[in-house]
Amino acid sequence: MEYQSTQEFFQKFTHDWPKEGSYYVWGAWNFASRMCSLFDNQLHIIGFIDSDKMKWGTHFMGCPVVSPDEVPFQQDHVRCIVASLAYGKIRQELERR
């Protein structure tokens, strides 16, 4: 399916994914900030994941930034949204976990 705009894509995303779920966002930088603003507070974001050790233990957009090792990916209820240009590398890391 082709989307005409990023906003249209995220509106469809928030329609298809459960709003009552909790989400981590992988990436704590400019792209994540822009992406989250498109959700218009429709998703419950509980934290940000980042590979940069310097960001661990800080907060981004009011949520904690954690190491990938701190997130229990094996649990069914954990949902992760990738908000990074390094999508391919992060996808491989998520599949490995």
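Details of the structure are given in the entry above.
Because the structure is predicted, anything quoted here is derived from the model rather than measured. (Residues numbered from 1 in each chain as written. Predicted model: local features only at pLDDT ≥ 70, side-chain atom pairs only at ≥ 80, totals over all residues. Heavy atoms only, no water.)

**Student:** Quick one: what's the story with the side chain of Ser 67, residue by residue and with numbers?
**Tutor:** You can see Ser 67 is positioned in the loop between strand 4 (63-66) and strand 5 (79-82). On the accessibility criterion, Ser 67 (5% relative accessible area) is buried. Looking at Ser 67, its side chain comes within polar contact range of the main-chain nitrogen of Asp 69, at 3.0 Å. Ignoring sequence-local partners within four residues, the contact set of Ser 67 consists of Ile 49, Asp 50 and Trp 56. (Helix = DSSP H or I, 4+ residues; strand = E, 2+ residues; numbered from the N terminus. Buried < 20%, exposed > 50% of the residue type's maximum accessible area, 1.4 Å probe, protein only. Polar contact = N/O pair within 3.5 Å; in protein donor to acceptor, adjacent residues only side chain to side chain. Contact = heavy atoms within 4.5 Å.)

**Student:** Can you break down the nonpolar core residue by residue, with the values?
**Tutor:** Formed by 16 residues in total, the largest nonpolar core has its most connected members in Val 25, Met 35, Phe 39, Ile 45, Phe 48 and Ile 81. A per-element tally of this core places helix 2 (residues 30-39) first, with four residues. Leaving out residues up to four positions away in the same chain, Val 25 has contacts with Ala 32, Met 35, Cys 36, Ile 45, Gly 47, Phe 48, Ile 49, Ile 81 and Ala 83. With 10 residues, the next largest nonpolar core counts Trp 26, Val 66, Cys 80 and Val 82 among its residues. (Core = buried A, V, L, I, M, F, W, Y, C linked by side-chain atoms within 4.5 Å.)

**Student:** Account for the packing of aromatic side chains, with residues named and values stated.
**Tutor:** Here the structure, examined in full by the defined rule, presents one aromatic pair. Judged by centre distance (4.9 Å) and plane angle (90°), the ring pair of Phe 48 and Phe 60 falls under edge-to-face. Taken together, the residues Phe 48 in strand 2 (residues 44-49) and Phe 60 in strand 3 (residues 59-60) connect sequence positions 12 residues apart. For the pair shown, Phe 48 and Phe 60 are each scored as buried. (Phe/Tyr/Trp six-rings, centres within 6.5 Å; stacked < 30°, edge-to-face > 60°.)

**Student:** Quick rundown of helix 2? Include the residues and the values.
**Tutor:** Looking only at helix 2, the buried set comprises Ala 32, Met 35, Cys 36 and Phe 39. For helix 2, the arc enclosing every buried residue in end-on projection is 100°, short of the 170-degree limit, so these residues lie on one face. Following helix 2 by one or two positions, Asn 41 adopts a phi angle in the positive range, close to 60°. (Arc of directions from axis to C-beta.)

**Student:** Got a sec to walk through the pairing of strand 4? Specific residues and values, please.
**Tutor:** Pairing of strand 2 with strand 4 involves two bridges; the strand directions are parallel. Bridge pairing links Phe 48 to Val 65 in strand 4. Here strand 3 runs beside strand 4; their pairing, made up of two bridges, is antiparallel. Across the sheet, the residue bridging to Phe 60 is Cys 63, located in strand 4. Hairpin connection of strand 3 to strand 4: two residues between the antiparallel strands, including Met 61 at a positive phi of 55°. (Pairing = 2+ DSSP bridges.)

**Student:** Talk me through the environment of Cys 80; I want residue IDs and the actual numbers.
**Tutor:** With respect to the helices, strands and loops of the structure, Cys 80 is situated in strand 5. Accessibility expressed as a relative area gives 18% for Cys 80, which makes it buried. Put simply, Cys 80 and Ser 22 are 58 residues apart on the chain and 8.9 Å apart in space, counted from C-alpha to C-alpha.

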